[in-house]
Amino acid sequence: EEELVREAQLLSFDHSHPPQNLESHPASIRARCLAALHESLLQRGISIPDRFCDGLTFVIMIDPVRLPSGGVVDRSVMERHLLYTEADPFTRQPMSLSDAVGEEALRGEIREFLREHGVEHGVEHGGEHGGART
């Protein structure tokens, strides 16, 4: 029950100021927050560049990672995907989260885009999560 209350609080955030340290929250909550943020940007008439959107969910990413197949997804989406199948979602080849490589340049571009549009996303670099960072 305590987890449900925490999740409800996170999901009711002001979309121009998402929760602090979003990366430290469970992948399912991060994914929902990203979807809410994406919807909020669209409702404000902000066009989101395709390269900033997750290759599976098509919502804005905050922690993009490149998979062995070359596909780019948000780390939270990949964490959730790997709970069900330990395979690259684009090729079905076996993989683990450690095979995903952080896309720091793209991440910086996304952060700048959000700042330019008045979104203080509260995502700190180096959040506690699994997977490789480069």
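Residues numbered from 1 in each chain as written. Predicted model: local features only at pLDDT ≥ 70, side-chain atom pairs only at ≥ 80, totals over all residues. Heavy atoms only, no water.

Observations concerning the nonpolar core
Next, step 1: Counting 17 residues, the largest nonpolar core has Leu41, Ile48, Phe52, Ile60, Ile110, Phe113 and Leu114 as its most contacted members.
Next, step 2: When contributions to this core are tallied by element, the ones reaching two or more residues are helix H2 (27–43) and helix H4 (104–116).
Next, step 3: Element by element, the count of residues in this core is highest for H4, at four residues. (Core = buried A, V, L, I, M, F, W, Y, C linked by side-chain atoms within 4.5 Å. Buried < 20%, exposed > 50% of the residue type's maximum accessible area, 1.4 Å probe, protein only. Helix = DSSP H or I, 4+ residues; strand = E, 2+ residues; numbered from the N terminus.)

As for the environment of alanine 35
Next, step 1: Its place among the elements puts alanine 35 in helix H2.
Next, step 2: Overall, alanine 35 belongs to the partly exposed group, its relative accessible area being 35%.
Next, step 3: In the structure, alanine 35 is positioned 24 residues away from valine 59 in sequence and 5.9 Å away in space, judged by C-alpha atoms.

Some words on the side chain of histidine 81
Next, step 1: Along the polypeptide, histidine 81 turns up in helix H3 (residues 75–84).
Next, step 2: By relative accessible area, which is 17% here, histidine 81 ends up buried.
Next, step 3: Residues contacting histidine 81, with those up to four places away along its chain left out, are Ala87, Asp88, Pro89 and Arg92. (Contact = heavy atoms within 4.5 Å.)

Observations concerning the pattern of salt bridges
Next, step 1: Counted according to the given criterion, the structure contains five salt bridges.
Next, step 2: The salt bridge involving arginine 107 is made with aspartate 63; its shortest N-O contact spans 3.9 Å. On the criterion of sequence distance, the pair formed by arginine 107 in helix H4 and aspartate 63 in the loop between H2 and strand S1 (64–66) is long-range, its members being 44 residues apart.
Next, step 3: Connected through salt bridges with shared partners, the residues Asp63, Arg75 and Arg107 form a single ionic network. (Salt bridge = Lys/Arg side-chain N within 4 Å of Asp/Glu carboxyl O.)

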